[in-house]
Amino acid sequence: MDNSVRVLSTLALKGAVARLAAAYQAASGVRIDADFAPTLALLERMRGGERADLVILTREGIDEMTGEGRVARESAVDLARSYVGVAVRAGAAHPDIASEAALRATLLGARAVAYSRLGASGIQFARLIARLGIAEAINARAVIIPVGFTAERLVTGEAELAIQQISELKQIDGIEVVGPIPLGLQTPAVFSAGRTVASKRAAAADHLLRYLASADVAPVLRETGLEP
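Residues numbered from 1 in each chain as written. Predicted model: local features only at pLDDT ≥ 70, side-chain atom pairs only at ≥ 80, totals over all residues. Heavy atoms only, no water.

### Looking at the layout of surface pockets
Put simply, the largest pocket is a space of about 390 Å³. Considering the residues around the largest pocket, the lining is formed by 18 residues, among which T58, E60, A120, I123 and R127 are closest to the centre. Secondary structure elements with two or more residues in the lining of the largest pocket: α2 (39-47), α3 (59-67), α5 (120-131) and β10 (189-195). Looking at side-chain class alone, the lining of the largest pocket contains eight nonpolar, six polar and four charged residues. (1 Å grid on protein atoms, 1.4 Å probe; cavity = no way out; pocket = protein on both sides within 12 Å on 5 of 7 lines; lining within 4 Å. Points joined across faces, edges and corners; volume = space filled by probe spheres on them. Helix = DSSP H or I, 4+ residues; strand = E, 2+ residues; numbered from the N terminus. Nonpolar A, V, L, I, M, F, W, Y, C, P; charged D, E, K, R; others polar.)

See the structure below:
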């Protein structure tokens, strides 16, 4: 029998899970079989019948899955908090994003801004530029990707700025994170995990949940752009 735990995880935790997988397998003998996608895509896949033992989603996504009886409510645990940030290609000047006015001017002055359509960061950014009254101007030259890492568009030269969770930006080589969007303009995303009701490896899934929520994992979360 394959001694693994099937995990469906939001992209924001990809860097952390990838770094933890080998150490976890060495210590427990259990392999983490993980697949990564935006929360909205994972919700659709789960509703379509895809099976997993453990899921890592936004807190709102976990709440939806517990409400639908797909995730065991008593197993749900918050893992990390994440902020939306701005990145540029490595070596490029870092623009001023320290205030609402500075961020607005930087976005309007950029040749093209990359953000995601389905990710939590992209949804939040779309609301932000609408609130700032610059959605039409930004979207006229934006690079809007359906899924994946927006910072890849910096490396290819398609965009001058990339917007995404800082933990997602940091997974791409050849870019530099300028910093978070001003905290007063964003709501941090909370990423949570839970065991699926249909899991046939409940004990192994619960063991992995306890590990991911432990203090031992906190340094890796910080290193990959998350707050435990």
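Back to the write-up after that little detour.
### Examining the sheet that holds strand β6 (residues 113-116)
Pairing is mixed across the open sheet formed by five strands, whose spatial order is β7-β6-β8-β5-β9. Every other strand in the sheet has two partners, leaving β7 (143-145) and β9 (175-180) as the edge strands with one partner each. Averaged over all pairs of adjacent strands, the angle between strand axes in this sheet comes to 25°, irrespective of strand direction. Sheet analysis places strand β5 (residues 84-89) next to β9, joined by five bridges and oriented antiparallel. Within the sheet, the bridge partner assigned to G85 lies in β9 and is P180. Where α5 meets the sheet, its contacts fall on β5, β6 and β8 (161-165), and the angle it forms with β6 comes to roughly 125°. (Pairing = 2+ DSSP bridges. Axes fitted to C-alpha atoms, helices over the stretch in contact; angles between N-to-C directions. Contact = heavy atoms within 4.5 Å.)

### Quick word on the packing of aromatic side chains
Counted according to the given criterion, the structure contains two aromatic pairs. An angle of 40° between the planes, with centres 4.9 Å apart, marks the rings of Y24 and Y211 as tilted. A residue pair is termed long-range when its members are at least 10 positions apart, and Y24 in helix α1 (residues 14-28) and Y211 in helix α9 (residues 202-212) qualify at 187 residues. (Phe/Tyr/Trp six-rings, centres within 6.5 Å; stacked < 30°, edge-to-face > 60°.)

### Here we look at the sheet that holds strand β4 (residues 77-82)
Strands sit in the order β2-β1-β3-β10-β4 across an open sheet of five strands; the sheet is mixed. With partners counted over all chains shown, the strands left at the sheet margins are β2 (31-36) and β4, one partner each. Pairs of neighbouring strands in the sheet enclose a mean axial angle of 20°, with direction left out of account. In terms of strand pairing, strand β3 (residues 54-58) meets β10 through five bridges, oriented antiparallel. Counterpart to L57 in the pairing with β10 is S192. Packing of α2 onto the sheet brings it into contact with β1 (4-9), β2 and β3, and relative to β3 it is tilted by some 140°. Contacts from α3 reach β3, β4 and β10 within the one sheet, and its direction differs from that of β3 by about 125°.

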